[in-house]
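# Geometric and topological summary
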Amino acid sequence: MYFFRKMIVAMLVLSLAVCILGRKTQRQETSAAAPNVCQAYHVSGAYLSLETEIKDSPEYIDEITAIPHKICGNIAKKVFLKNARKAKYDNTADDGEYYEDKNGSHISVIRNEGVNYFSSFYWHVMNCFRADPRDARYNGDQFSKTKEFSFMSREEALNVLTNQLHHLGIELGDIEYTCYSLDYQTLEKEEYAEDINGREDTSGYKKQWTSKDNCYFFAIRQKYQDIVEYHKFAGIYKNYEDWNSSILALVSERGLESLEMSCALQFQKTGTRLKIKTPQQILDCISEKYGNGIDGKTYTITSFNLCYMTDILNGYKVTPIYQCHMIEENGEEKRVEQVLINAVTGEEIQ
């Protein structure tokens, strides 16, 4: 009986903790909401399979416009590198500005919309942390996505970033993010660098790793009404996976160590509501194209999401799309196949 009573008390405490945590997440409006997953969706054809959960989509969504935040290079220098000097910027087509300091940290502002900031410590971390699943040395799964370090919490680390952006005049609005806790022991164990000939190069390895090198790595996506924004930058589609998120940042005990941001957008609704296709209607189109086999290739859908896609190179026009991420297999060869479909018309975007 005593054991039974202890179980009941433990369950009540756990339930209360879950409720409190749920309320906290809702107030922050920064973590992804629990998906409204429907298991009824399916694909057809012997060469196509569905291996991801799919969220239900609303029947109508807002038509929206996007406006980029503008970034002043001189203000960015003051925010990130007070003692930096302006240096030559090689790619004049980007209309960029470049600053660096004597410690090896540098910042670049591209088209007054994107900003890249890297401390010298960042480059050590990049020799250790490889979150791109296509990398042969991928190790993102070696790091916790829940661990809290003693120097600050994950939420406090996120505030370090958002406070810096605030000084730039940028408010991200509603976001979702993944946070990797990069502990120094695993970083040291995973450290690896190569020279231009593909051989291991230990000359750039960190001399010593300590607990002061524990840090958080954030992969952040902007959202509007719980729909992720999606765009193409430098030939890469942003936001369908952590490593290609539109905002990447590293925070340590020393503060912000890096920021990679192609742009930060402000969203406004036009007042028009758009009727969109259902996920199943889109999956039927994909099945028709890929389900019957293309030269013997097989396809596995590993990601399927409703997004707002912004054309940041052509007037920032926003189009609702379904983003479908697939693995194409042809014998022993594998590659990523991505299908983008206009969520209003159902037509594939080339």
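Not measured: the values here are computed from a predicted model. (Residues numbered from 1 in each chain as written. Predicted model: local features only at pLDDT ≥ 70, side-chain atom pairs only at ≥ 80, totals over all residues. Heavy atoms only, no water.)

### Digging into the overall build of the chain
This is how it is decided: Helix and strand assignments follow DSSP, with helices taken as H or I runs no shorter than four residues and strands as E runs no shorter than two, numbered in order from the N terminus. Buried means the residue's accessible area, taken with a 1.4 Å probe over protein chains only, is under 20% of the maximum for its type, while exposed means over 50%, and partly exposed covers the values in between. In what follows, residue pairs with any heavy atoms lying within 4.5 Å of each other are defined as contacts. For accessible areas, the Shrake-Rupley method is used with a probe of radius 1.4 Å. Any residue's cover is judged against the shown protein chains and nothing else.
Scanning the chain from N- to C-terminus turns up six helices and 19 strands. The buried share of the chain, reckoned over its 350 residues, is 45%. Within the chain, counting contacts between residues at least 6 apart in sequence, those at least 24 apart form 67% of the total. Surface exposure of the chain reaches about 19000 Å², of which carbon and sulfur atoms provide 49%.

### Thoughts on the environment of Gln350
As for its placement among the helices and strands, Gln350 is situated in the segment after β19 (348–349). Between the C-alpha atom of Gln350 and that of Leu340, which follows or precedes it by 10 residues, the distance is 7.6 Å.

### Details of the packing of aromatic side chains
The criterion, for reference: Pairing of aromatic rings covers Phe, Tyr and Trp, the last counted by its six-membered ring, and requires centre-to-centre distances within 6.5 Å; plane angles under 30 degrees mean stacked, over 60 mean edge-to-face, and any other angle means tilted. We call a charge positioned over a ring when the NZ of a Lys or the CZ of an Arg lies within 6 Å of the ring centre and within 35 degrees of the ring normal.
Summed over all chains, the structure comprises 21 aromatic pairs. Summarising the aromatic geometry, the rings of Tyr122 and Trp123 are spaced 4.8 Å apart at their centres and angled 80° between planes, so their arrangement reads as edge-to-face. On the basis of relative accessibility, which here comes to 5%, the residue Tyr122 falls in the buried class. Owing to a relative accessible area of 40%, Trp123 belongs among the partly exposed residues under this scheme. Within the aromatic cluster, the residues linked to one another by ring pairs are Phe129, Phe143, Tyr180, Phe217 and Trp243. Against the face of Trp209 rests Lys206, its NZ or CZ located 5.4 Å from the ring centre. Over the ring of Phe121 we find Arg254; its NZ or CZ atom is 4.5 Å from the centre of that ring.

### Things to note about the confidence of the model for the chain
Here is the rule we go by: Values of pLDDT, the confidence the predictor places in each residue, fall between 0 and 100.
Here the chain averages 86 in pLDDT, and 87% of its residues register 70 or above. Per-residue pLDDT stays below 50 along residues 1–38; that stretch engages in 26 contacts with residues further than four places along the chain or on separate chains.

### So, the nonpolar core
Heads up, the rule is: Nine residue types can take part in a nonpolar core, namely buried Ala, Val, Leu, Ile, Met, Phe, Trp, Tyr and Cys, and a core is a set of them joined through side-chain atoms within 4.5 Å.
If you look at the biggest cluster of nonpolar residues, it comprises 32 residues, and the most contacted ones within it are Phe80, Leu259 and Met261. Only α2 (73–80), β7 (106–110), β8 (114–118), α4 (154–167), β9 (175–182), β10 (215–224), β13 (247–252) and β14 (255–261) provide two or more residues apiece to this core. No other element matches the four residues that α4 contributes to this core. Other than its neighbours up to four places away in sequence, Phe80 contacts Ile107, Val115, Tyr117, Gln164, Leu168, Leu256 and Leu259.

### Some words on the pairing of β7
Here is the key point about a regular strand: its side chains alternate between the two faces of the sheet. We apply this condition: Any two strands are treated as partners once DSSP identifies two or more bridges connecting them.
Buried residues dominate β7, accounting for five of its five residues. Judged from the four bridges that link them, strand β6 (residues 97–100) and β7 form a sheet pairing that is antiparallel. Of the residues in β7, the one forming a bridge with Tyr98 is Ser108. Counted between consecutive antiparallel strands, the loop separating β6 from β7 contains five residues, among which Gly104 sits at a positive phi close to 95°. Taken together, the five bridges between β7 and β8 define a ladder with antiparallel strand orientation. Across the sheet, the residue bridging to Ser108 is Asn116, located in β8. Between β7 and β8, which pair antiparallel in sequence order, lie three residues; one of them, Arg111, sits at a positive phi of approximately 55°.

### A look at the pattern of salt bridges
Any two side chains of opposite charge can pair, on the condition that their charged atoms come close. This is how it is decided: Salt bridge, as applied in this entry: a Lys or Arg side-chain nitrogen positioned within 4 Å of an Asp or Glu carboxyl oxygen.
Counted according to the given criterion, the structure contains 21 salt bridges. Across the salt bridge formed by Glu257 and Arg254, the nearest N and O atoms sit 2.8 Å from each other. Accessibility expressed as a relative area gives 48% for Arg254, which makes it partly exposed.

### Overview of α4
An α-helical turn contains 3.6 residues, so a residue and the one three or four places further along point in the same direction. For clarity, the threshold we go by: Helix span, expected: 1.5 Å multiplied by one less than the number of residues in the helix. Comment: arc refers to directions from the helix axis out to C-beta atoms.
A rise of 1.5 Å per residue sets the reference length of α4, with its 14 residues, at 20 Å; its end C-alpha atoms lie 20 Å apart and thus fit the reference within 8%. Residues of α4 that are buried include every one of Arg154, Ala157, Leu158, Leu161, Gln164 and Leu165, and no others. One face of α4 carries all of its buried residues, which in axial projection span an arc of 120°. In this fold, the buried residues of α4 make contact with α2, β9, β10, β13 and β14. Of the residues flanking the end of α4, it is Gly169, one or two places downstream, whose phi is positive at about 85°.

### A word on the environment of His166
Turning to its location among the elements, His166 is positioned in helix α4. For His166, a relative accessible area of 47% translates into the label partly exposed. Sequence separation between His166 and Val79 is 87 residues; the distance between their C-alpha atoms is 10.0 Å.

### Thoughts on unusual backbone geometry
With phi around 55°, Arg111 is a residue other than glycine that occupies positive phi space. With respect to the element layout, Arg111 can be found in the loop between β7 and β8. Phi is positive for Tyr316, which is not a glycine, with a value near 55°. Relative to the elements of secondary structure, Tyr316 occurs in the loop between β16 (298–311) and β17 (317–330). Of the residues examined, Tyr316 reaches a relative accessible area of 12% and is grouped as buried.

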